[in-house]
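Here is how the chains run, residue by residue.
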Amino acid sequence: MTHALIVIDVQNDFCPGGALAVPEGDQIVPGINALMEGFDAVILTQDWHPAGHSSFASSHGTAPMTLTEMPYGPQVLWPDHCVQGSKGAGFHKDLMTDRADLIIRKGYNPAIDSYSAFFENDKTTPTGLEGYLRTRGIDTLTMVGLATDFCVNYSAVDAARLGFTVTVRQDLCRAIDFDGSLAAAVEGMVQAGVTLA
Ligand code: VGL
Ligand code: ZN
């Protein structure tokens, strides 16, 4: 077994004071840092949108936290967040980024959002993470980070479907919980064979 820790989107905009703040998003940082020691690999993901991204409500002239239909399916429209090079797109200042073997950016395609660390929201365009993990012989993943019900959820379900053994440490995740999204995410992860710890 070769075991990687995947730290999802622990960025300023998802922490209190940020543009898309997840309640208590900053509280998981010390626990994630402490966890890094015991893994064969540590991988960080970074939500990384160009200005005017199609997942931003401002790009559609509508209010944030509404649903729209994209060519690839339904899409929540978010406040502008994690704009490339902005402070909000940076990692939380206390996250031990030096320990990371790989930082994978996602959401940079202007027309497609990317919750998952593996595929964009069209569910077909790969980020390259699968190939990285396989060529390093990594078969087992522990996932932590933000937000439980969006990027952690999509990443964990995709990883399980790709055949990785996946555990989500819920104590080291925090949720947006928009319109029942957390309960739906938990159910989806369990059905996909993800272990919730
Ligand atoms: C995320 C919404 C939009 C996340 C990213 O990291 O969960 N959520 N972009
Ligand atoms: Zn985003």
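Presented here is a report on the structure given in the accompanying data block.

Criteria and cut-off values
Residues numbered from 1 in each chain as written. Chains lettered and ligands numbered in written order. Predicted model: local features only at pLDDT ≥ 70, side-chain atom pairs only at ≥ 80, totals over all residues. Heavy atoms only, no water. Axes fitted to C-alpha atoms, helices over the stretch in contact; angles between N-to-C directions. Helix = DSSP H or I, 4+ residues; strand = E, 2+ residues; numbered from the N terminus. Parallel < 35°, antiparallel > 145°, perpendicular 65-115°, else oblique. Contact = heavy atoms within 4.5 Å. Nonpolar A, V, L, I, M, F, W, Y, C, P; charged D, E, K, R; others polar. Expected span 1.5 Å × (residues − 1). Buried < 20%, exposed > 50% of the residue type's maximum accessible area, 1.4 Å probe, protein only. Arc of directions from axis to C-beta. Near = heavy atom within 4 Å. Polar contact = N/O pair within 3.5 Å; in protein donor to acceptor, adjacent residues only side chain to side chain. Areas by Shrake-Rupley, 256 points an atom, 1.4 Å probe, with all protein chains shown as cover. Pairing = 2+ DSSP bridges. Salt bridge = Lys/Arg side-chain N within 4 Å of Asp/Glu carboxyl O.

Let us now look at the packing of helix H3 (residues 148-161) against helix H4 (residues 181-192). One way to put it is that H3 packs onto H4 with a least axis distance of 9 Å and a crossing angle of 10 degrees. Of the possible angle classes, the one that applies to H3 and H4 is roughly parallel. Here H3 contributes Thr-148, Asp-149, Phe-150, Asn-153, Ala-156, Val-157 and Ala-160 to the contact with H4, which in turn contributes Ser-181, Leu-182, Ala-185, Gly-188, Met-189 and Ala-192. Tallied by class, residues from the contact of H3 with H4 come to eight nonpolar, four polar and one charged.

Right, let's get into H4. Taking 1.5 Å per residue as the helical rise, H4 with its twelve residues ought to reach 16 Å, and the 16 Å between its terminal C-alpha atoms agrees with that figure. Ser-181, Ala-185 and Met-189 are the residues of H4 that are buried. One side of H4 carries all its buried residues, which in axial view fall inside an arc of 65 degrees. Opposite the buried face of H4, at more than 90 degrees from it, the exposed residues are Ala-183 and Gln-191. Tucked inside the fold, the buried residues of H4 contact H3, strand S7 (165-174) and strand S8 (195-196).

We now examine the site of ligand 1. Around ligand 1, the neighbouring residues are Asp-9, Phe-14, Leu-20, Asp-47, Trp-78, His-81, Tyr-115, Leu-146, Ala-147, Phe-150 and Cys-151. Separating an oxygen atom of ligand 1 from a backbone N or O atom of Ala-147 is a distance of 3.0 Å. Burial of ligand 1 by the surrounding chains reaches 100%, relative to a free accessible area of 260 Å². Of the residues contributing to the shell around ligand 1, the split by class is eight nonpolar, one polar and two charged.

Burial of the side chains of strand S5 (residues 102-106) is restricted to one face: Leu-102, Ile-104 and Lys-106 are buried, whereas none of Ile-103 and Arg-105 on the reverse face is. With five bridges connecting them, strand S2 (residues 41-47) and S5 associate as parallel partners. Note on S5: the bridge partner recorded for Asp-47 is Lys-106.

Glancing now at the pattern of salt bridges. Summed over all chains, the structure comprises eight salt bridges. For Asp-101, the salt bridge identified is with Arg-136, shortest N-O distance 3.0 Å. Here the residue Asp-101 occupies a position in the loop between strand S4 (73-77) and S5, and Arg-136 occupies one in the loop between helix H2 (129-135) and strand S6 (140-146), the gap between them amounting to 35 residues. Glu-130 is the salt-bridge partner of Arg-134, the closest N and O atoms lying 3.0 Å from each other. Of the two residues, Arg-134 and Glu-130 are both situated in helix H2; the distance of four residues between them amounts to about one turn of the helix. The class of Arg-134 is partly exposed, set by a relative accessible area of 42%. Residue classification places Glu-130 among the partly exposed positions, given a relative accessible area of 27%.

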